[in-house]
Amino acid sequence: MAEIILNVDVRQGTGTGGARAVPGILYGGEQAPVAISVNEKDFKKSLYTGKLLGHLVTLKYGEETQPVIAKDIQFDPVSDRPVHFDLLRVDAKGEIKISVPVHFKNADEAPFSRQGGSLEVVRHEVEIAVRADKIPEELVVDLTNSQIGDTIRMSDIKLPKDASATITDRDFVIATVKVSSAAQSEAADEAAAAAEA
């Protein structure tokens, strides 16, 4: 199952809750939404693993356990403490739609970086339909052979088995490789200097 276990308490009524607890809401599935809370220290510990938001998590209440996905976490703008969270009930083997970050690797070794090109990212994350227990950490784009002028599309990303992009009517753009503005102005200066000569 999941690596993270959140021990929750059911809140009686809603409000700010205890000073050392983070309030949240559990929703989805056939049941009504339930107001819950988690010990702040435990919540922060789970949060700092980087595997809480957008991953399958086990919610524990007494002896009962349930797979959930953390959908949203709100933070205090001053102290940056977590102040509220939303959990979605899921079937671990059921399909869900979730946004996954896109990670670009090997940009430094790519031909475009030696040619003065730069990567212009259009989408930093992509929504995919995938089994709840098979959500990938990230979607990886290998830029090793990318040249100036290349367009990286959804079809260039290898998805996990049985996963698919939720946008199905087109092969949408993830990123493009362009001449960097510094290289463009350098080329313009050279052209101007050549014209003067």
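A brief look at the structure comes next. These numbers come from a predicted model, not from an experiment.

Before going further, it helps to spend a moment on the overall build of the chain. Secondary structure assignment for the chain yields three helices and 13 strands. Among the 197 residues that make up the chain, the fraction classed as buried is 36%. In the chain, the share of contacts with a sequence separation of at least 24, taken over all contacts with a separation of at least 6, comes to 66%. Accessible area of the chain: about 11,900 Å², with a carbon and sulfur share of 48%.

Attention now moves to the side chain of S146. Summarising the element assignment, S146 is placed in the loop between strand 10 (139-142) and strand 11 (151-153). Residue contacts for S146: discarding those within four places in its chain leaves A110, P111, F112 and V177.

For P136, the position within the fold is in the loop between strand 9 (125-131) and strand 10. Of the residues examined, P136 reaches a relative accessible area of 15% and is grouped as buried. Each C-alpha atom of the pair P136 and P101 lies 9.2 Å from the other, and the pair is 35 residues apart in sequence. Non-local contacts of P136, meaning those with residues more than four positions away in its chain, are made with V100, I128 and P160.

Ordered in space as 8-13-11, the three strands form an open sheet in which the pairing is antiparallel. Each edge of the open sheet carries a strand with a single partner, namely strand 8 (117-121) and strand 11. Pairwise comparison of adjacent strand axes, ignoring direction, gives a mean angle of 15° for this sheet. Looking at chain direction, strand 8 and strand 13 (residues 173-179) are connected through five bridges and run antiparallel. Bridge pairing in strand 13 links V121 to A175.

What follows covers the pairing of strand 9. In this sheet, strand 9 lies alongside strand 7 (residues 95-105) in antiparallel orientation, the contact comprising seven bridges. By the bridge assignment for strand 9, K97 is matched with A129. By the bridge criterion, two bridges tie strand 9 to strand 12 (residues 164-165) in an arrangement that is antiparallel. Within strand 12, the residue paired with I128 across the bridge is A165.

Within a regular beta strand, the side chains point alternately toward one face of the sheet and then the other, so they alternate between its two faces. Two strands pair when backbone bridges link them, and strand 1 (residues 5-10) and strand 4 (residues 56-61) are joined in this way by three bridges, in the parallel orientation. Across the sheet, L6 pairs through a bridge with L59, a residue of strand 4. With six bridges connecting them, strand 4 and strand 5 (residues 64-75) associate as antiparallel partners. For L56, the partnering residue across the bridge sits in strand 5 and is I69.

The subject of this paragraph is the packing of aromatic side chains. Within the structure shown, the criterion is met by one aromatic pair. Here the basic side chain of R123 rests over the ring of F172, its NZ or CZ set 4.4 Å away from the ring centre.

Phi is positive for D80, which is not a glycine, with a value near 65°. With respect to the helices and strands, D80 occurs in the loop between strand 5 and strand 6 (82-89). Overall, D80 belongs to the exposed group, its relative accessible area being 52%. Despite not being glycine, N106 has its phi angle at roughly 65°, a positive value. Owing to a relative accessible area of 29%, N106 belongs among the partly exposed residues under this scheme.

The rules we used
Residues numbered from 1 in each chain as written. Predicted model: local features only at pLDDT ≥ 70, side-chain atom pairs only at ≥ 80, totals over all residues. Heavy atoms only, no water. Helix = DSSP H or I, 4+ residues; strand = E, 2+ residues; numbered from the N terminus. Buried < 20%, exposed > 50% of the residue type's maximum accessible area, 1.4 Å probe, protein only. Contact = heavy atoms within 4.5 Å. Areas by Shrake-Rupley, 256 points an atom, 1.4 Å probe, with all protein chains shown as cover. Pairing = 2+ DSSP bridges. Axes fitted to C-alpha atoms, helices over the stretch in contact; angles between N-to-C directions. Phe/Tyr/Trp six-rings, centres within 6.5 Å; stacked < 30°, edge-to-face > 60°. Lys NZ or Arg CZ within 6 Å of the ring centre and 35° of its normal.

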